[in-house]
Each structure stands twice: as C-alpha cells, then as structure tokens.
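As a plain string of letters, each chain reads:
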Amino acid sequence: MTASDPIDTARLNLLLNELRLPAIKHLWSSFTERADKEGWPAARLLAALAEHEIAERGQRRIERHLAEARLPPGKTLSGFDFDAVPTISKARVMALVAGDSWLEAGANLILFGPPGGGKTHLAAAIGLGLIENGWRVLFTRTTDLVQKLQVARRELALEAAIARLDKYHLIILDDLAYVTKDQPETSVLFELISARYERRSIAITANQPFGDWNRIFPDPAMTLAAVDRLVHHSTILELNVESYRRREALGQQRGPGRPASRATIKTQAD
Ligand code: ADP
Ligand code: MG
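Quick caveat, the model's predicted, so the values are computed rather than measured.

Q: What exactly am I supposed to notice about the overall build of the chain here?
A: Secondary structure summary: the chain contains eleven helices and five strands in total. Relative to its length of 270 residues, the chain is extended, with a C-alpha radius of gyration of 25 Å against a globular reference of 18 Å. Taking the principal axes of the C-alpha coordinates as reference, the chain spans close to 80 × 55 × 30 Å. Evaluated residue by residue, the chain yields a buried proportion of 43% over its 270 residues. Sequence-distant contacts in the chain: of pairs separated by 6 or more residues, those separated by 24 or more amount to 79%. Element-wise, carbon and sulfur atoms account for 54% of the exposed surface of the chain, whose accessible area totals about 15,400 Å².

Here's what the structure looks like:
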C-alpha cells in the first residue's frame with residue numbers, strides 16, 4: 001500500500017467494530033480530515049483518537065455502574081443541605097466520597113437518625129459520588145435484599161448469591177431496622193455481613209440504635225456478632241435532626257423563601 005492508495009472506509013469501520021472501538025469509529029473521518037488540513041504528524045492523530053476512545057470508555061463504564069446501582073434518583077451531595085445537619089461535617093463526607101481509604105479496607109459506614117433526617121439522601125449521594133470516582137455500588141432496601149437472599153438459601157445457592165455481590169465495592173442497605181425476625185431467616189443478613197467483613201464495604205441506614213437490633217437478628221448472640229463486625233472498622237454518622245420533610249412543610253406554610261427557623265431544630269451533637 002502506498003500513501004496515495006484510497007482507503008476502504010467501509011472495511012475500516014468493520015475493523016473498528018470488530019476491535020470494539022466505537023469512539024474512534026465515530027470520530028476518525030472528522031479527525032483525519034482535520035489532520036490532513038492542518039498537517040498533523042501521524043502520531044498526533046493516533047494519540048488523539050486513542051485518548052477519545054479511552055475517555056468514552058470511562059464514561060460508558062460509569063454509566064453502566066450507575067444503571068446497576070439502582071440509586072434513588074435526584075439524591076446528590078450538591079442537593080444536600082449540610083447546614084440543616086450540624087452533626088455532619090461536609091469535609092468528612094467529601095473524604096468518604098473519594099473512597100480509597102475505606103473501600104479498599106472493606107470498612108463500613110453507618111448512618112443513624114430519625115425518619116426524615118436525610119439518611120437515605122446522604123447514603124445515596126455518597127454512593128453516587130463513589131460511582132463517579134470509579135467504584136461499584138449497589139443500593140437496595142434491606143428487606144428486598146433479605147428476600148432475595150432467602151430465595152437463594154432455599155435454592156441452596158446462598159453462598160453463590162453472596163459471592164456475586166462481591167463485584168460491588170459498597171452495598172448500601174437502606175432501612176436496616178425495617179427488617180425484623182418475623183421475616184423468616186434474617187440470618188441471611190448475618191451471612192452477608194460476615195462474608196464481606198474486612199473485604200467489602202457495607203453502608204447501613206437505620207432509625208434504631210444498636211441496642212434495638214435484637215429485633216432484627218434471630219438471637220442476641222447473632223446481633224452482637226453482627227454489630228461487632230459492622231462497627232469494627234466503620235464511620236458512624238448521626239443525623240440527629242428533626243425530619244427535613246416536616247421542616248420543609250412548615251417552611252412552606254410560612255410562605256416561600258422563608259426557611260424554617262433554625263431555633264426549632266433540635267440537634268444533639270454528641
Ligand atoms: P430518612 O432516610 O432519614 O428517613 P430521607 O433521606 O428520605 O430521610 O429524607 C427525607 C426527604 O428530605 C428526602 O426528600 C430528602 O431528599 C430530603 N432531605 C433530608 N435531609 C436533607 C438535607 N439535609 N438537605 C436536602 N434535602 C434533605
Ligand atoms: Mg430513608
């Protein structure tokens with residue numbers, strides 16, 4: 001082939017398909033045209049195309065991770081009013097979103113607080129930030145996951161089901177305290193916690209302090225063992241604020257643009 005030979009563009013596109021290089025396939029004709037016009041060295045053209053393919057690949061990966069995470073929509077850190085929760089340090093939350101130090105160690109995150117205090121919002125927003133930083137996350141209501149694991153146990157496939165969850169660096173179990181031992185075999189939750197201990201992280205939101213977790217697990221020894229594994233390496237965030245929903249509703253009654261008085265907000269910075 002000489003420099004003046006025509007290029008079989010249809011074949012080139014087939015080759016790029018085969019090589020799974022969709023960004024290059026999409027861009028090459030405009031890039032080569034520009035390179036010809038501006039007299040780019042061949043290596044510069046190749047490097048520019050490779051950079052675009054890599055950048056798009058990263059973007060596609062994040063989109064896949066966002067889809068698999070099943071986060072509740074619209075819960076972001078920029079939409080979270082940290083001023084409303086004086087017990088939580090924004091800097092600390094931002095450090096969690098970087099992920100490295102705790103997710104690599106399989107450490108956990110526990111968010112306590114009364115209903116409406118922002119636990120689900122904050123947990124989901126941290127999950128979103130982690131995904132944007134390249135981590136894999138699964139958000140699930142605890143009862144949903146317990147049900148799935150119970151089905152797996154009945155089919156004698158609990159271990160495999162738990163192993164499949166290993167691909168997630170973080171599982172966010174929302175509303176742990178809604179699980180009760182009336183739901184048969186909540187011990188599957190204990191199996192999950194044990195299997196991930198010091199390897200893969202779990203985030204939990206709960207209305208109830210540890211003292212009430214005896215209602216969740218089949219027996220006190222299991223509760224103790226579960227709490228022990230969860231808190232051994234963990235960050236605990238307490239959102240001890242009055243319901244944000246209630247405050248918003250009160251604020252609206254007072255008329256637009258006038259936030260609920262901070263003085264009515266109970267906080268316990270302990
Ligand atoms: P919890 O899970 O603790 O019951 P949620 O996270 O569901 O509370 O919060 C209730 C509602 O109030 C949600 O719509 C949430 O987005 C909003 N909300 C709670 N706290 C905040 C906050 N600090 N800033 C912005 N929105 C908040
Ligand atoms: Mg919630």
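Q: I keep staring at the site of ligand 1 and nothing clicks. Help me out?
A: Around ligand 1 lies a shell of 15 residues, among which Asp-81, Gly-116, Lys-119, Thr-120 and His-121 are the nearest. Within the side chain of Lys-75, an N or O atom sits 2.9 Å from an oxygen atom of ligand 1. Between ligand 1 and the protein, one listed contact pairs an oxygen atom with a side-chain N or O atom of Lys-119 at 2.7 Å. For ligand 1, whose free accessible area comes to 550 Å², the fraction covered by protein is 85%. Contributing elements (two or more residues each) for the shell around ligand 1: helix H6 (119–132) and helix H11 (244–253). Top contributing element to the shell around ligand 1 by residue count: H6, with three residues. Looking at the shell around ligand 1, its residues break down into five nonpolar, six polar and four charged.

Q: Can you walk me through the packing of aromatic side chains in this structure?
A: Here the distance between the centres and the angle between the planes together describe a pair of aromatic rings. Here the structure, examined in full by the defined rule, presents five aromatic pairs. On the numbers, 6.5 Å between centres and 85° between planes, the contact of Phe-31 with Trp-40 is edge-to-face. For the residue pair Phe-31 and Trp-40, the accessibility class agrees, reading buried in each case. Considering the side-chain rings of Phe-210 and Trp-213, the 4.9 Å spacing of their centres and the 75° angle between planes classify their relative orientation as edge-to-face.

Q: Explain the sheet that holds strand S5 (residues 234–238) here, please?
A: Remark on secondary structure: sheet strands pair via backbone hydrogen bonds, oriented parallel or antiparallel. One open sheet holds the five strands; their spatial order is S2-S3-S4-S1-S5, and the pairing between them is parallel. A single partner strand is all that each edge strand has here, and the edge strands are strand S2 (137–141) and S5. Each strand axis lies, on average, 15° off the axis of its neighbour in the sheet, ignoring direction. Note: strand S3 (residues 170–174) against strand S4 (residues 201–206), four bridges, orientation parallel.

Q: Whenever I open this one, the pairing of S2 confuses me. Can you help?
A: Look at any regular strand and the pattern is simple: side chains alternate between the two faces of the sheet. Within S2, four of the five residues are buried, which leaves the element mostly enclosed by the surrounding structure. Here five bridges tie S2 to S3, and the two strands are oriented parallel to one another. Along S3, the bridge assignment pairs Arg-141 with Asp-174.

Q: Hey, could you run me through the packing of helix H3 (residues 42–69) against H6 in this one?
A: Contact pair H3 / H6: the axes reach a minimum separation of 9 Å and the direction vectors enclose 155°. The orientation of H3 with respect to H6, classified from their angle, is roughly antiparallel. Read as a crossing pair, H3 and H6 show a hand that is right-handed. Packed against H3, whose contacting residues are Ile-62, His-65, Leu-66 and Ala-69, the element H6 presents Leu-128, Ile-131 and Glu-132 at the interface.

Q: So what exactly am I meant to see when it comes to the pattern of salt bridges here?
A: For side chains of opposite charge, pairing can occur when their charged atoms come near one another. Taken as a whole and assessed by the stated rule, the structure comprises seven salt bridges. Between Arg-60 and Glu-56 there is a salt bridge; the shortest N-O distance is 3.7 Å. On the criterion of helical spacing, the pair formed by Arg-60 and Glu-56 is a turn pair, its members being four residues apart in helix H3. Arg-141 serves as the salt-bridge partner of Asp-144, at 3.2 Å between the closest nitrogen and oxygen.

Q: When you look at the nonpolar core in this model, what are you seeing that I'm missing?
A: Note that soluble globular proteins tend to have their nonpolar side chains buried in a common cluster. Within the largest apolar cluster, 33 residues are counted, with the highest numbers of intra-cluster contacts made by Leu-122 and Leu-237. Those elements that place two or more of their residues in this core are helix H4 (90–98), helix H5 (100–103), strand S1 (108–112), H6, S2 and S3. At eight residues, the largest contribution of residues to this core is made by H6. Beyond its immediate stretch of four places on either side in the chain, Leu-122 contacts Leu-77, Phe-80, Phe-82, Ile-88, Val-93, Leu-111, Leu-237 and Leu-239. Judged by nonpolar contacts, the second largest core, of 32 residues, contains Leu-138, Leu-189, Ile-216 and Met-222.

The rules behind the values
Residues numbered from 1 in each chain as written. Chains lettered and ligands numbered in written order. Predicted model: local features only at pLDDT ≥ 70, side-chain atom pairs only at ≥ 80, totals over all residues. Heavy atoms only, no water. Helix = DSSP H or I, 4+ residues; strand = E, 2+ residues; numbered from the N terminus. Rg over C-alpha atoms; globule rule 2.2 N^0.38 Å. Buried < 20%, exposed > 50% of the residue type's maximum accessible area, 1.4 Å probe, protein only. Contact = heavy atoms within 4.5 Å. Areas by Shrake-Rupley, 256 points an atom, 1.4 Å probe, with all protein chains shown as cover. Near = heavy atom within 4 Å. Polar contact = N/O pair within 3.5 Å; in protein donor to acceptor, adjacent residues only side chain to side chain. Nonpolar A, V, L, I, M, F, W, Y, C, P; charged D, E, K, R; others polar. Phe/Tyr/Trp six-rings, centres within 6.5 Å; stacked < 30°, edge-to-face > 60°. Pairing = 2+ DSSP bridges. Axes fitted to C-alpha atoms, helices over the stretch in contact; angles between N-to-C directions. Parallel < 35°, antiparallel > 145°, perpendicular 65-115°, else oblique. Left-handed = near helix turned anticlockwise from the far one by under 90°. Salt bridge = Lys/Arg side-chain N within 4 Å of Asp/Glu carboxyl O. Core = buried A, V, L, I, M, F, W, Y, C linked by side-chain atoms within 4.5 Å.

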